[in-house]
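Descriptive analysis of the structure
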Amino acid sequence: MTDSKKKKIDIVVGIPSFNEAATIGFVAEQVSEGLSYHFPNRESIIVNVDNHSTDKTKEAFFNAKTSADKKYISTAKDVRGKGHNLLNLFKYAVEVDADIVIVVDADLKSINRDWIDLLGRPVSEGYDFVTPLYTRHQFDGSITNHICYPIVFGLLSHDIRQPIGGDFAISSKLVKHLLEQTWTGSVKQYGIDIFLTMNAILGDFKICQTSLGKKVHNASAPKLGIMFEQVIESLFDILVANKDKWMKGGSIDDIIKTKVYGDAAMPEPQGLEIDVRDLKEKCTASYNEYLPYIHEVLGPYAVTRIENMFRMDFFNLDVLLWTQIFYNLVYRYDNIKDESDKKKIINTLKPLYFARSLTFNYSTWKYNIRYAEEEVREQALGFATQRYYLWGLYGCNENLNKQ
């Protein structure tokens, strides 16, 4: 193709990747079909934004049978992180004056050509940010279920079910706004998805959800590694930097129900088996490692409840206690200046997030997805109800009077 930097491209579809040679070809082919079928009269391109993969991801991408033009952009050899990839994508989208930017995961197995329409069409109709709505096993997306969705619902007053789903569409206006924000180290890694959603909300952009059906990908059980740390650090940083906005929230009745595009009938989710014994062992190991931090930053009631739970090997971290612990940690994070002490807050949360996940798993393992979703929503409502607890920590009596 001619130099795309000198020619306007209407739709840019980005596929961020690191060592996804096994699946990226299929994703690229479905994207190409979607662009040809649903946007035949729009200039478009598929961009693989990669982290210098070593498994021939680039070759698999270019070998995919597509009618759409393709472009490959990579970070430097030792630079990793989805956020780095999307930063490259957004800069490229501005260069070509793209109207619509769509992002889809490279490991998708359920994507079809209609996803491109369902993601891109709302932006062409005036929306700035389109988030996915799909069925997922209740054990898949545990950071979403127990932290990101409840916070977006409870503190930011938006009912967005998959705020870190991985598949989005973004307007040119929002892309430019995002590039003007602070891109921390965590945002340039796994913290990118929550960064996108929270900035779209806090920037008062027009948001909707779109029904994509079943998400089939390389699903996994809860992790305590770097992904968790980066998502939580990004979330905490954005919350404390914007508390003047979310502390102006009204009643629970004011929570915005975002419009949903697509078919409301959702299929059964991808199956996911987890090793509960392994999760318990990892949770206990994390608890023992960070026990001094738990004693340092939590109050005596919470510490006693948590100690009893681990001593009895019975995980029962209910929604009320989980919510109050989380809000306590948000408040403490905001009042700490030393970066190493901020890491203590995140490390304190690790075993407790895992304990909450295990509590949820125990109560929903035999539920079908519809009833498990009700439990997830009740947890989000718990975060919304307990926002007054967090406002109380900040001494916001005006908001407390709205209870």
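The structure we're discussing is the one just above.
Residues numbered from 1 in each chain as written. Predicted model: local features only at pLDDT ≥ 70, side-chain atom pairs only at ≥ 80, totals over all residues. Heavy atoms only, no water.

1. A look at the side chain of Asn 85
Structurally, the position occupied by Asn 85 is in helix H3 (residues 82-95). Polar contacts involving the side chain of Asn 85 include one to the side chain of Asn 51, which spans 2.9 Å. The contact partners of Asn 85, leaving out residues within four places of it in the chain, are Pro 16, Ser 17, Val 49, Asp 50, Asn 51 and Thr 75. (Helix = DSSP H or I, 4+ residues; strand = E, 2+ residues; numbered from the N terminus. Polar contact = N/O pair within 3.5 Å; in protein donor to acceptor, adjacent residues only side chain to side chain. Contact = heavy atoms within 4.5 Å.)

2. Structural notes on H3
Its 14 residues give H3 an end-to-end C-alpha distance of 20 Å, which sits within 8% of 20 Å, the value for a rise of 1.5 Å per residue. Every buried residue of H3 is accounted for by Lys 82, Gly 83, Asn 85, Leu 86, Leu 87, Leu 89, Phe 90, Tyr 92 and Ala 93. One or two positions beyond H3, positive phi appears at Asp 97, with a value near 60°. (Expected span 1.5 Å × (residues − 1). Buried < 20%, exposed > 50% of the residue type's maximum accessible area, 1.4 Å probe, protein only.)

3. Some words on the sheet that holds strand S4 (residues 100-103)
Within a sheet, each strand pairs with its neighbour through backbone hydrogen bonds, oriented either parallel or antiparallel. With mixed pairing, eight strands are arranged side by side in an open sheet as S3-S2-S1-S4-S7-S5-S8-S10. Since the sheet does not close on itself, it has two edges, and those belong to strand S3 (69-74) and strand S10 (260-261), each with one partner. Relative to S10, strand S8 (residues 207-214) runs parallel, the two being bridged by two bridges. Paired with Thr 210 across the two strands is Tyr 261, which belongs to S10. Packed on one face of the sheet, helix H6 (residues 172-179) meets S4, strand S5 (129-135) and strand S7 (168-171) and runs near 90° to S7. (Pairing = 2+ DSSP bridges. Axes fitted to C-alpha atoms, helices over the stretch in contact; angles between N-to-C directions.)

4. Topic: the pairing of S8
Extensive coverage of S8 is indicated by the burial of seven of its eight residues. Inspection of the sheet shows S5 paired to S8 by seven bridges, in the parallel sense. Bridge pairing in S8 links Leu 133 to Ser 211.

5. Considering the nonpolar core
Judged by nonpolar contacts, the single largest core of 89 residues is most densely connected at Phe 90, Leu 196, Leu 235, Phe 236, Leu 298 and Phe 326. Here Phe 326 is in contact with Ile 147, Ile 151, Leu 235, Phe 236, Leu 349 and Phe 383, once residues within four sequence places are set aside. (Core = buried A, V, L, I, M, F, W, Y, C linked by side-chain atoms within 4.5 Å.)

6. A few points about the packing of aromatic side chains
Going through the model one piece at a time under the given rule, you end up with 20 aromatic pairs. The aromatic ring of Tyr 149 is capped on one face by Arg 161, whose charged end is 4.9 Å from the ring centroid. The side chain of Lys 259 reaches across the aromatic face of Tyr 261, ending 5.1 Å from its centre. (Phe/Tyr/Trp six-rings, centres within 6.5 Å; stacked < 30°, edge-to-face > 60°. Lys NZ or Arg CZ within 6 Å of the ring centre and 35° of its normal.)

7. Quick look at empty space enclosed by the protein
Scanning the entire structure with this criterion turns up one cavity of 30 Å³ or more. The calculated volume of the largest cavity comes to roughly 40 Å³. In this structure, the largest cavity is lined by Ala 93, Val 94, Asp 97, Ala 98, Val 101, Ser 172, Val 175 and Lys 176. Of the residues forming the lining of the largest cavity, the biggest block, three residues, is contributed by H6. Looking at side-chain class alone, the lining of the largest cavity contains five nonpolar, one polar and two charged residues. (1 Å grid on protein atoms, 1.4 Å probe; cavity = no way out; pocket = protein on both sides within 12 Å on 5 of 7 lines; lining within 4 Å. Points joined across faces, edges and corners; volume = space filled by probe spheres on them. Nonpolar A, V, L, I, M, F, W, Y, C, P; charged D, E, K, R; others polar.)

8. Side note on the packing of H6 against helix H7 (residues 192-202)
At a closest axis distance of 11 Å, the pairing of H6 and H7 adopts a crossing angle of 110°. Between H6 and H7, the angle is such that the two are roughly perpendicular. Packed against H6, whose contacting residues are Leu 174, His 177 and Leu 178, the element H7 presents Phe 195, Leu 196, Asn 199 and Ala 200 at the interface. Its residues assigned to classes, the contact of H6 with H7 shows five nonpolar, two polar and no charged. (Parallel < 35°, antiparallel > 145°, perpendicular 65-115°, else oblique.)

9. Focus: the packing of helix H12 (residues 319-334) against helix H13 (residues 339-364)
Closest axis-to-axis distance for the H12/H13 pair is 10 Å, and the angle between their directions is 170°. With respect to each other, H12 and H13 are oriented roughly antiparallel. Along its contact with H12, which presents Val 319, Trp 322, Ile 325, Phe 326, Leu 329, Arg 332 and Tyr 333, the element H13 presents Lys 342, Ile 345, Ile 346, Thr 348, Leu 349, Leu 352, Tyr 353 and Arg 356. Across the contact of H12 with H13, the residue classes tally to 11 nonpolar, one polar and three charged.

10. Re the pairing of strand S1 (residues 11-17)
The side chains of a regular strand alternate, first on one face of the sheet and then on the other. Of all seven residues in S1, seven are buried, a share of seventy percent or more. Alternating positions in S1 separate into two faces, Ile 11, Val 13, Ile 15 and Ser 17 on one and Val 12, Gly 14 and Pro 16 on the other, with burial throughout. Direction of pairing for S1 relative to strand S2 (residues 44-50): parallel, over a ladder of seven bridges. Note on S2: the bridge partner recorded for Gly 14 is Val 47.

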